[in-house]
Amino acid sequence: QVHLVESGGGLVQAGGSLRLSCAATGSISRIIAINWYRQAPGKQRELVASMTGGGTPDYSDSVKGRFSLSRDNAKSTMYLQMNSLKPEDTAVYYCAADLGTLGDSWGQGTQVTVSS
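Computed from a predicted structure; not experimentally measured.

Asks: Would you explain the sheet that holds strand S3 (residues 18-26) in this entry?
Replies: In sheet architecture, strand pairing relies on hydrogen bonds along the backbone and comes in two forms, parallel and antiparallel. Reading across the sheet, the 4 strands line up as S1-S3-S8-S7 and stay open at both edges, with antiparallel pairing between neighbours. Only two strands of the sheet have a single partner each, and these edge strands are strand S1 (2-7) and strand S7 (67-72). Sheet twist, expressed as the average angle between the axes of neighbouring strands with direction ignored, equals 20 degrees. Of the pairings in the sheet, the one linking S3 to strand S8 (residues 77-82) comprises 6 bridges and is antiparallel in character. For leucine 20, the partnering residue across the bridge sits in S8 and is leucine 80.

Asks: What exactly am I supposed to notice about the pairing of strand S5 (residues 46-52) here?
Replies: Regular strands have side chains that alternate between both faces of the sheet. Relative to S5, strand S4 (residues 33-39) runs antiparallel, the two sharing 6 bridges. Bridge pairing in S5 places tyrosine 37 opposite leucine 47. Connecting the antiparallel pair S4 and S5 is a turn made up of 6 residues, with glycine 42 showing a positive phi of about 75 degrees.

Asks: What is the right way to look at the pattern of salt bridges in this model?
Replies: Where charged atoms of side chains with opposite charge meet at close range, the side chains can pair. Enumeration over the complete set of coordinates arrives at 4 salt bridges. With a closest N to O distance of 2.9 Å, glutamate 46 and arginine 38 form a salt bridge. Judged by relative accessible area, which is 26%, glutamate 46 ranks as partly exposed. In this structure, the salt-bridge partner of lysine 64 is aspartate 61, at a minimum N-O distance of 3.5 Å. One continuous salt-bridge network, built from bridges that share partners, spans Arg38, Glu46, Arg66 and Asp89.

Conventions we followed
Residues numbered from 1 in each chain as written. Predicted model: local features only at pLDDT ≥ 70, side-chain atom pairs only at ≥ 80, totals over all residues. Heavy atoms only, no water. Pairing = 2+ DSSP bridges. Helix = DSSP H or I, 4+ residues; strand = E, 2+ residues; numbered from the N terminus. Axes fitted to C-alpha atoms, helices over the stretch in contact; angles between N-to-C directions. Salt bridge = Lys/Arg side-chain N within 4 Å of Asp/Glu carboxyl O. Buried < 20%, exposed > 50% of the residue type's maximum accessible area, 1.4 Å probe, protein only.

Pasting the structure below:
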């Protein structure tokens, strides 16, 4: 069992920055990758960033060059640094742990609102 808790969302003006956190507890060794998704009202869920256990990050074209992933293994926490935010980045952001055959474990989500 892996439990994820996101934090760090909020309201920011366009061009601003936020850093989201995803803290993991439980059977962390089972985590193959951490994926960050977002879902805006009326839109499909979008995968925006991911990082495998080896530390290789990957980003969607919509956020590449603006968002970056990092992690603190000692705190079992991954961070999504979001810079140059745009109103279209407004969404609920989720982190999810890929547990392979055990499926995924999801956090509760954190709201990010970017005002123009």
